[in-house]
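# Close look at the chain arrangement
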Amino acid sequence: MHSLAPLGEQHLADMMVIERACHSHPWSETLMRSCMSGRYFCTGLFSDNTLLGFYVAEQAGPDITLVDICVAPSQQGQGLGKVLMQSLIKDSNARNAELLFLEVRESNVAAIALYEGCGFIANGVRKKYYPDGEDATLMMCELSALEYFS
């Protein structure tokens, strides 16, 4: 059985293992630690006590930005990304957010399909956004349009 729970510094080492396995240019431990408080919030998806995936989001006024989401490579393809996105949407509604934003590699068609399935639409491009020069597709979601996740 899977469970969702807020993440804190005690989860940092497990988060970094997943982060490094998922990204060609992973966040540093210092950056990840800086996103554990203040306007940031993190949620993990667990099986028993094992972290399978997580997201990190930032709230600024009525807007929330998904800044990182990862599912351990051995757990990918099982719908866990969708579980995390649904959790983000529920958390965002609980925080009275109006809009959700994210950036995704234009080549990451699986993630784009996941986000579109959760109600996000493409609304721009950041040219050469990633360290390797790849563009980012900007996406947004209006939470009031997502009654089924409330």
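Up top is the structure these notes are about.
Described in the following lines is the structure provided in the data block. Each chain carries its own residue numbering, running from 1 in the direction its sequence is written. Two thresholds apply to this predicted model, a pLDDT of at least 70 for residue-level local features and 80 or more for giving and counting side-chain atom pairs, whereas whole-chain, interface and lining totals are computed over all residues. Only hydrogens and water are set aside when side-chain values are computed; all heavy atoms of the structure are taken into account.

### Comments concerning the layout of surface pockets
Vacant regions in the atomic arrangement are exposed by a probe of water-molecule size rolled over the atoms. Think of a 1 Å grid over the protein atoms and nothing else: a 1.4 Å probe that fits but is trapped marks a cavity, an open set flanked by protein within 12 Å on at least five of seven lines marks a pocket, and residues with an atom within 4 Å of a point count as lining. Grid points are joined across faces, edges and corners, and a volume is the space filled by probe spheres set on the points. Considering only enclosed or pocket space, the largest pocket measures out at about 1,000 Å³ in volume. Residue lining of the largest pocket: 34 residues in total, with H23, I69, N108, A111 and Y115 positioned closest to the centre. Those elements that provide at least two residues to the lining of the largest pocket are α1 (12–22), β4 (63–71), α3 (80–94), β5 (99–105) and α4 (109–117). Looking at the lining of the largest pocket element by element, the count peaks at 7 residues for β4. Looking at the lining of the largest pocket residue by residue, the class counts come to 18 nonpolar, 11 polar and 5 charged. Numbering of helices and strands starts at the N terminus; helices are DSSP runs of H or I of at least 4 residues and strands are runs of E of at least 2. Classification used: nonpolar for Ala, Val, Leu, Ile, Met, Phe, Trp, Tyr, Cys and Pro, charged for Asp, Glu, Lys and Arg, polar for all others including Gly.

### Structural notes on the side chain of D68
Inspection of the secondary structure puts D68 in strand β4. The side chain of D68 sits in the buried core without any salt bridge; R105 is the nearest counter-charge, 10 Å away. Nitrogen and oxygen atoms within 3.5 Å of one another constitute a polar contact, given that in protein one can donate a hydrogen and the other can accept it, and given that sequence-neighbouring residues count only through two side-chain atoms. At 3.1 Å, the side chain of D68 forms a polar contact with the side chain of H23. In this structure D68 touches E19, H23, W27, M32, F54, Y55 and V56, once residues within four positions along its chain are discounted. Exposure categories follow from relative accessible area, calculated using a 1.4 Å probe and restricted to protein chains: below 20% of the type maximum is buried, above 50% is exposed, and the middle band is partly exposed. Note that His is not counted, nor are the chain ends; the positive residues are Lys and Arg, and the negative ones are Asp and Glu. Take a side-chain nitrogen of Lys or Arg and a carboxyl oxygen of Asp or Glu: if they are within 4 Å of each other, that pair is a salt bridge. Two residues qualify as a contact provided that any one of their heavy atoms is within 4.5 Å of a heavy atom in the partner residue.

### Some details on the nonpolar core
In this structure, M85, L88, Y115 and F120 are the most contacted members of the largest nonpolar core, which totals 26 residues. Mapped onto this core, the elements with two or more residues apiece are β2 (40–47), β3 (50–60), β4, α3, β5, α4 and β7 (136–142). Of the residues forming this core, the biggest block, 5 residues, is contributed by α3. When residues no more than four places from it in sequence are discounted, the contact partners of L88 are F41, Y55, A57, I64, L66 and L100. W27, M32, C42 and L51 belong to the second-largest nonpolar core, a separate cluster that totals 16 residues. Definition used in this section: a nonpolar core is a set of buried Ala, Val, Leu, Ile, Met, Phe, Trp, Tyr and Cys residues joined via side-chain atoms within 4.5 Å.

### Examining the environment of P62
Relative to the helices and strands, P62 resides in the loop between β3 and β4. Residue P62 is classed as partly exposed on the basis of its relative accessible area of 35%. A sequence separation of 61 residues divides P62 from N123, and the C-alpha atoms of the two residues are 18 Å apart. Non-local contacts of P62, meaning those with residues more than four positions away in its chain, are made with A97, E98 and L99.

### Section: the environment of A72
Of note, A72 is situated in the loop between β4 and α3. The class for A72 is buried, based on a relative accessible area of 12%. The contacts of A72, once residues within four sequence positions are left out, are I18 and L52.

### Looking at the pairing of β5
Any two strands with at least two DSSP bridges between them are considered paired. Where β4 meets β5, 4 bridges bridge the pair, whose relative direction is parallel. Bridge assignment links L66 to a residue of β5, and that residue is L102. Orienting the strands away from the viewer, one traces the path from the first strand over the helix to the second; a clockwise path indicates a right-handed crossover. Once the chain exits β4 it traverses α3 before rejoining the sheet at β5, and the crossover so formed is right-handed.

### Describing the packing of aromatic side chains
Working definition: rings of Phe, Tyr and Trp (its six-membered ring) pair if their centres are within 6.5 Å, and the pair is stacked with planes under 30 degrees apart, edge-to-face with planes over 60 apart, and tilted otherwise. Scanning all chains against the criterion turns up 3 aromatic pairs. Placement of a positive charge over a ring is assigned whenever Lys NZ or Arg CZ falls within 6 Å of the ring centre and within 35 degrees of the normal to the ring plane. A cation over a ring is seen here: R95 above F41, with NZ or CZ 3.7 Å from the ring centre. For R105, the ring lying beneath its charged end belongs to Y130, and the centroid distance is 4.3 Å.

That is the geometry; function is a separate question.
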